[in-house]
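Structural overview for review
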Protein chains: 2
Amino acid sequence: MRTPAERRAEPADPLTVVHTRWAEEGMAGGPWPFLAMCSLSRLHQILARALEDRLKSLELSRTGYFVLTTLALMNGGRALLSTLGRLMMIHPTTVKLTVDQLERAGLVTRQRHPHDRRATVVRITELGAERARAANAALENADEGPLGGLAGRHEELFDALRDLRLATGDTEF
Amino acid sequence: MRTPAERRAEPADPLTVVHTRWAEEGMAGGPWPFLAMCSLSRLHQILARALEDRLKSLELSRTGYFVLTTLALMNGGRALLSTLGRLMMIHPTTVKLTVDQLERAGLVTRQRHPHDRRATVVRITELGAERARAANAALENADEGPLGGLAGRHEELFDALRDLRLATGDTEF
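Let me begin by describing the structure that accompanies this report. (Residues numbered from 1 in each chain as written. Chains lettered and ligands numbered in written order. Predicted model: local features only at pLDDT ≥ 70, side-chain atom pairs only at ≥ 80, totals over all residues. Heavy atoms only, no water.)

Across a regular strand the side chains alternate sides, sitting on one face of the sheet and then on the other. Residue and element names in this part refer to chain A. Of the strand pairs in this sheet, strand β1 (residues 78–80) and strand β3 (residues 120–124) are connected by three bridges, and their pairing is antiparallel. Note on β3: the bridge partner recorded for Leu-80 is Val-121. Both strand β2 (residues 108–112) and β3 contribute to a ladder of five bridges, which runs antiparallel. From the neighbouring strand, Gln-111 faces β3, where its bridge partner is Val-121. (Pairing = 2+ DSSP bridges. Helix = DSSP H or I, 4+ residues; strand = E, 2+ residues; numbered from the N terminus.)

Below, the structure written as structure tokens:
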């Protein structure tokens, strides 16, 4: 927690004005719930856009990148379509559309489950595994834009959010 | 930064498996860029959904809440439609649709700018200001679900993200 004087001495933050105006405009309660939500939304939006942009050259969407990396980490490189959606907190329709795209690009294959005809097994291909490695390397070695600003600080971001993420109930996997 | 032993002793985290499997599956580079992006996406998604749910009883969307609180903080409770979009990093079409909804609910009014016929001035109404106060109070006093898990920790979340947000270039306001 910073003192007001420490906050003023820091580099320009677009959200500082919110903090100042909150008291001036006689808003009820404190500014922190609003500031916390704005701050999380802005960082998410900045990085989501930057990630989409960066992945374009690898012909991957952001969801495609998440699916492919998740599959690469799975035993045998495969998972049920339904498991992927649950793991990634993504709507089943979005997962299905993403897997359609990845399949057309030859990055995954799709098979009916041998014992459950309604279930679909998705498996990463060798090309898909290469693409997942390339995407993760591109993220790790980013040297410009928002992703460049985050380079070398990924573990710091993960650790900064971890307790708060668990406090909000992120425990289903 | 935690040691591996410290990490194992902590409560169950759905992302721990990623960390473990990364080395086992012989993935290139480190797991942190992927973990950082997953972690940010999950927290954002958990809180965005919880916020939408909580605001339903106040007949506000998440974007409506952001617009209304931003207007409440403005000098004279008004801003240009174009300024709102820029301030909130929201697509102009989304801002316009949100302001349409807020206007129908009597929470804002909309007027042509006196000196620039193409510009629209949005102003918060007394009802809108009350609704903004109620929404921020609901957030501050949440006592269950993901928002309850975050109660009393909003400043902590803001501070945890601040340097990283500025490092990604969050400076246009």
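So, about the relation of the copies chain B and chain A. Relative to chain A, chain B is turned by 180° and slid 0.0 Å along the rotation axis, the superposed coordinates differing by an RMSD of 0.0 Å. Taken together, the rotation angle and the small translation identify this as a two-fold axis. If distances are taken from each C-alpha of chain B to the rotation axis, the shortest is found for Ala-160 of chain B, at 2.8 Å. With an isologous cut-off of 70% or more, the 100% of interface residues of chain B that recur at the interface of chain A puts this contact in the isologous class. (Least-squares fit on C-alpha atoms with pLDDT ≥ 70 in both. Contact = heavy atoms within 4.5 Å.)

This model, assessed by the stated rule, comprises ten aromatic pairs over all chains. Their ring planes at 35° and their centres at 6.0 Å tell us that Trp-22 of chain A and Phe-34 of chain A sit as a pair that is tilted. In this pair, Trp-22 of chain A is assigned in helix α2 (residues 16–24) and Phe-34 of chain A in helix α3 (residues 32–56), connecting sequence segments twelve residues apart. In this structure, Trp-22 of chain A and Phe-34 of chain A share a single accessibility class: buried. Taking 5.8 Å as the distance between ring centres and 85° as the angle between the ring planes, the aromatic pair formed by Tyr-65 of chain A and Phe-34 of chain B counts as edge-to-face. A residue pair is termed interchain when its members come from two chains, as with Tyr-65 of chain A in helix α4 (residues 62–73) and Phe-34 of chain B in helix α3 (residues 32–56). Judged by relative accessible area, which is 1%, Tyr-65 of chain A ranks as buried. Members of the aromatic cluster, joined through ring pairs, are Trp-22 and Phe-34 of chain A together with Tyr-65 and Phe-66 of chain B. (Phe/Tyr/Trp six-rings, centres within 6.5 Å; stacked < 30°, edge-to-face > 60°. Buried < 20%, exposed > 50% of the residue type's maximum accessible area, 1.4 Å probe, protein only.)

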